[in-house]
Amino acid sequence: MKKILIMSTLFLLFGLTPIVKAEDSTSSSNRNAVLTQKAEKEAAKNSLLQNRDEKKASQGARLDEKKANIVSRIVAQANSFLERTNKIIARLDNIWMRVQTRTTKLKDNGVDLSSLDEKIANVAIKKQTAQNAVLKAQNLLPNLESSSSPKSLVQEFRTSYTGVRTTVKDYHQAIVAVIKDLQSLASTKKATVTPEVKL
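Residues numbered from 1 in each chain as written. Predicted model: local features only at pLDDT ≥ 70, side-chain atom pairs only at ≥ 80, totals over all residues. Heavy atoms only, no water.

Q: Would you mind showing me how to read the overall build of the protein here?
A: Within the protein one finds three helices and zero strands. Helices and strands in the protein line up, N terminus first, as α-α-α. By sequence separation, contacts in the protein at least 24 residues apart represent 86% of the contacts at least 6 residues apart. About 15300 Å² of surface is accessible on the protein, with carbon and sulfur atoms providing 58% of the total. (Helix = DSSP H or I, 4+ residues; strand = E, 2+ residues; numbered from the N terminus. Contact = heavy atoms within 4.5 Å. Areas by Shrake-Rupley, 256 points an atom, 1.4 Å probe, with all protein chains shown as cover.)

Structural data, given as structure tokens:
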């Protein structure tokens, strides 16, 4: 009995070993297949992540390019506004020079223009205010091109340019007020001169 027990144990031991080895070899091939699938999934995942990162980088570059184009268009438009405003101021300066020559002629003719002294001084102040407002707005433009967040500077330029327009209108209105007073003074001078009547 001992012999049979030992023989059956040896038989089981040696007989089952190839079966276990066969199971180990199939499980190792399954493991290899699973590992290769995991490696392929990781490679595909890494490829997708890399493609996504490349797309984000290209989108970021396109956005930066679009922002740069927008900023350059805004700066060009702002320069256009300021050039137009400078031309308006130059035209108003020419009008003011003609008004001043008119006032000197009227003074030479003996018209009392002392009532216009305050308005004439006001025109000079309005002219200087308009020129200073234009310079302030022009000083914002170089900062706009080099700024990392130009949105706030664009808003600041808009408010500054609104101030420029207001000051130019005030300059114009001051000139118009002087012209109207000059016209009324000149017309009263003509009305007060009585023609000589010969009898």
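What follows picks up the thread again.
Q: Help me understand the nonpolar core in this model?
A: A general tendency of soluble globular proteins is for nonpolar side chains to be buried together. Leu82, Trp96, Leu113, Val123, Phe157, Val164 and Leu182 are the most contacted members of the largest nonpolar core, which has 32 residues in total. The set of elements that each furnish at least two residues to this core consists of helix H1 (2-108), helix H2 (117-146) and helix H3 (150-192). A total of 12 residues in this core trace back to one element, the largest contributor, which is H3. Leaving out residues up to four positions away in the same chain, Phe157 has contacts with Ala78, Leu82, Ala137, Leu140 and Leu141. (Core = buried A, V, L, I, M, F, W, Y, C linked by side-chain atoms within 4.5 Å. Buried < 20%, exposed > 50% of the residue type's maximum accessible area, 1.4 Å probe, protein only.)

Q: I tried to follow the pattern of salt bridges on my own but got confused; where do I start?
A: Where charged atoms from two side chains of opposite charge come close, those side chains can pair. In this structure the tally under the stated criterion is two salt bridges. Between Lys127 and Asp93 there is a salt bridge, and its shortest N-O distance comes to 3.8 Å. Here Lys127, found in helix H2, pairs with Asp93, found in helix H1; they are 34 residues apart in sequence, far enough to count as distant. Across the salt bridge formed by Asp181 and Lys119, the nearest N and O atoms sit 2.3 Å from each other. Here the residue Asp181 occupies a position in helix H3, and Lys119 occupies one in helix H2, the gap between them amounting to 62 residues. The exposure class assigned to Asp181 is partly exposed, which follows from its relative accessible area of 22%. (Salt bridge = Lys/Arg side-chain N within 4 Å of Asp/Glu carboxyl O.)

Q: Whenever I open this one, the confidence of the model for the protein confuses me. Can you help?
A: Segments scoring low in pLDDT should not have their predicted coordinates read at a detailed level. Mean pLDDT for the protein: 82, with 84% of residues reaching 70 or above. Across the protein, element-level confidence peaks in H2 with a mean pLDDT of 90 and bottoms out in H1 with 80. (pLDDT = per-residue confidence, 0-100.)

Q: Would you explain the packing of aromatic side chains in this entry?
A: What characterises a pair of aromatic rings is the spacing of the ring centres plus the angle enclosed by the ring planes. Evaluated as defined, the whole model comprises two aromatic pairs. Summarising the aromatic geometry, the rings of Phe81 and Tyr161 are spaced 5.2 Å apart at their centres and angled 25 degrees between planes, so their arrangement reads as stacked. Of this pair, Phe81 sits in helix H1 while Tyr161 is found in helix H3, placing the two residues 80 residues apart along the sequence. An angle of 15 degrees between the planes, with centres 6.1 Å apart, marks the rings of Phe157 and Tyr161 as stacked. Of this pair, Phe157 and Tyr161 both sit in helix H3, four residues apart, which is roughly one turn of the helix. There is no split in this pair, since Phe157 and Tyr161 are both buried. Grouped by ring-pair contacts, the aromatic residues Phe81, Phe157 and Tyr161 constitute a single cluster. (Phe/Tyr/Trp six-rings, centres within 6.5 Å; stacked < 30°, edge-to-face > 60°.)

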